[in-house]
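# Examining the three-dimensional arrangement
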Amino acid sequence: MFTGIIEEVGTVADMTPLQGGRRLRLACSFADQLAVDESVAVDGVCLTVVARDADAFEAVAVEETLSKTALGDRQRGDGVNLERAMVLGDRLDGHLVQGHVDATGTVERIDGLDDSHLVWVRYPRDHAHYLIPRGSVTVDGISLTVARLDEPPGTFALAIIPHTWDHTTAQRWAVGDRVDLEFDLVGKYVLRATRTNRREGNPEKADEAAVG
């Protein structure tokens, strides 16, 4: 589990093609603190450390991961958002994040404001039920809040504060870039319970699930 609070922007130091996948070497300052088999979120994708040294760690992104995320777009020298798995008992500063990408979106517009940036992301319409105004969404591993929804239709807007802009890859986003999306974990479970109970003819349980 993760929180969506980015620890560091690492660098893709190298990548080795595998059968359908890639072995990534990711340079970061905390590489020597990692252990083999530890989980690290890389642009919101949960990967397993398979090797490490003082300067970098290595992880394998299999074909399934590359086909369903934007990780396959990364090239040598690119920056990536990194977060180590959360420690039980620590403060939860973002929201609950699994590192399991639900879909990819596309950066549609970026407005620089006096005190922030407003970024519009186009998302797959079949995932619309996972989004609510001022709800949580993870974009490239960053815990963010939906500032505007479906204005215009099929998009959500993110108000990104200067600290987040300066300390994540958000500052490098450009119109047309693909980004990894993970929708709110709690919301997904509530929606699933509600739909299941309605299908099974238990409207009272569906209402209970909807209100918690």
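Nothing here was measured: the structure is a model prediction, and the numbers come from that model.

### Here we look at the environment of V179
Within the secondary structure layout, V179 lies in strand 12 (residues 178-183). Sequence spacing of V179 and A103 is 76 residues, and the spatial spacing of their C-alpha atoms is 8.7 Å. Setting aside residues no more than four positions away along its own chain, V179 makes contact with A70, A103, T104, G105, T106, V107, V121, V139, D140 and W173.

### A few points about the sheet that holds strand 12
Two pairing modes exist for strands in a sheet, parallel and antiparallel, and in both the strands are linked by backbone hydrogen bonds. With antiparallel pairing, the six strands of this closed barrel are ordered in space as 7-8-11-10-9-12. Across the sheet, the mean angle separating the axes of adjacent strands is 45 degrees when strand polarity is ignored. Bridge analysis of strand 7 (residues 103-112) against strand 12 gives four bridges, and the strand direction is antiparallel. Directly across from G105, in strand 12, lies its bridge partner V179.

### A few points about helix 3 (residues 185-199)
Given a rise of 1.5 Å per residue, 15 residues ought to cover 21 Å, and the 21 Å separating the end C-alpha atoms of helix 3 matches this to within 8%. Every buried residue belonging to helix 3 is among L185, K188, T194, T196 and N197, and all of these are buried.

### A word on the pairing of strand 11 (residues 155-160)
The buried fraction of strand 11 amounts to five of the six residues, a majority that puts the element mostly inside the structure. One ladder, built from six bridges, connects strand 8 (residues 117-122) with strand 11; its direction is antiparallel. Bridge pairing links W120 to A157 in strand 11. The pairing of strand 10 (residues 142-149) with strand 11 spans three bridges and is antiparallel. Considered in strand 11, the bridge of L149 is made with F156. Where strand 10 hands over to strand 11, the hairpin turn is made up of five residues, of which D150 adopts a positive phi near 60 degrees.

### Let's talk about the pattern of salt bridges
Taken as a whole and judged by the stated rule, the model has 13 salt bridges. Salt-bridge contacts for D73 lead to R178; the nearest nitrogen and oxygen are separated by 3.0 Å. Within this pair, whereas D73 is found in the loop between helix 1 (63-68) and strand 6 (79-84), its partner R178 is found in strand 12, the two being separated by 105 residues in sequence. Among the salt bridges present, the one from R109 reaches D111, with a minimum N-O distance of 2.9 Å. Assessed through its relative accessible area of 22%, D111 is described here as partly exposed. One network of salt bridges, with partners in common, ties together R23, R25, D53 and E58.

### What to know about the side chain of K188
Inspection of the secondary structure puts K188 in helix 3. Of the residues examined, K188 reaches a relative accessible area of 16% and is grouped as buried.

### Here we look at the sheet that holds strand 1 (residues 8-17)
One closed barrel holds the six strands; their spatial order is 1-2-5-4-3-6, and the pairing between them is antiparallel. Strand after strand, the sheet turns through a mean of 45 degrees between neighbouring axes, direction not considered. Inspection of the sheet shows strand 2 (residues 22-27) paired to strand 5 (residues 56-61) by six bridges, in the antiparallel sense. From the neighbouring strand, R23 faces strand 5, where its bridge partner is V60.

Rules used in this analysis
- Residues numbered from 1 in each chain as written.
- Predicted model: local features only at pLDDT ≥ 70, side-chain atom pairs only at ≥ 80, totals over all residues.
- Heavy atoms only, no water.
- Helix = DSSP H or I, 4+ residues; strand = E, 2+ residues; numbered from the N terminus.
- Contact = heavy atoms within 4.5 Å.
- Pairing = 2+ DSSP bridges.
- Axes fitted to C-alpha atoms, helices over the stretch in contact; angles between N-to-C directions.
- Expected span 1.5 Å × (residues − 1).
- Buried < 20%, exposed > 50% of the residue type's maximum accessible area, 1.4 Å probe, protein only.
- Salt bridge = Lys/Arg side-chain N within 4 Å of Asp/Glu carboxyl O.

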